[in-house]
Amino acid sequence: MTTKILSIREYVHQLDWDNICKIHDSARLIELDGSVTEKAFIPLIDCYKGEELFNSTIFIGEVENKTIGFVAFDKHEITWLYVDPKFFGNGYGRRLLEFVLEKALRPTKVTVLNNNYRAISLYKSIGFNIISKTKGKIPLTEIEATGYKMEKIN
């Protein structure tokens, strides 16, 4: 399968909300796997307020006019990055990340679950380093998790 061209545009709520909910919900289960139990999963429709999704600037990734992922950031921090699992391995997450890094302030930080090896590898490959390990609760749950704070300086 050849990778198709990814176009990136600003989020438009009326067009994109349902799509980012589907993408988040399918990819989030994979993100949590190995770090915490499935009980930590909360659909985007139920967690976007508590996790302050709309405090971030959101961009949509599309291939052939189909939404395949999204990325969000708030000044120095990447707050959300999800790609539809059907499109994993095509470099779309990397493209979304590179796009937002052109807009984010340095140093840029991100928090990743300790066993989310796919994400850790992606961030490291673009120059992020792990700067701390923290324990806390998955937002809106009582489930303990370990995460890494990662940072890109330049």
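Residues numbered from 1 in each chain as written. Predicted model: local features only at pLDDT ≥ 70, side-chain atom pairs only at ≥ 80, totals over all residues. Heavy atoms only, no water.

Participant: Hey, could you go over helix α4 (residues 117-125) for me, with residue numbers and the actual values?
Facilitator: Those residues of α4 that sit buried are Ala119, Ile120, Leu122 and Tyr123. Taken down its axis, α4 places every buried residue within 165° of arc, on the same side. Exposed residues on α4 whose side chains face more than 90 degrees from its buried face are Tyr117 and Arg118. On its buried face, α4 sits against β4 (77-83), α3 (92-101), β5 (108-113) and β7 (144-152). In the segment just after α4, Gly127 is the residue with positive phi, at about 105°. (Buried < 20%, exposed > 50% of the residue type's maximum accessible area, 1.4 Å probe, protein only. Helix = DSSP H or I, 4+ residues; strand = E, 2+ residues; numbered from the N terminus. Arc of directions from axis to C-beta. Contact = heavy atoms within 4.5 Å.)

Participant: Which residues make up the pattern of salt bridges, and what values do they have?
Facilitator: One pass over the full model with this rule turns up seven salt bridges. Residues Arg9 and Glu62 are paired through a salt bridge, measuring 3.0 Å at the closest nitrogen-oxygen approach. Of the two residues, Arg9 sits in strand β1 (residues 6-10) while Glu62 sits in strand β2 (residues 57-63), which places them 53 residues apart along the sequence. A relative accessible area of 11% places Glu62 in the buried class. Note that Glu31 is salt-bridged to Arg28, the shortest N-O span being 2.9 Å. (Salt bridge = Lys/Arg side-chain N within 4 Å of Asp/Glu carboxyl O.)

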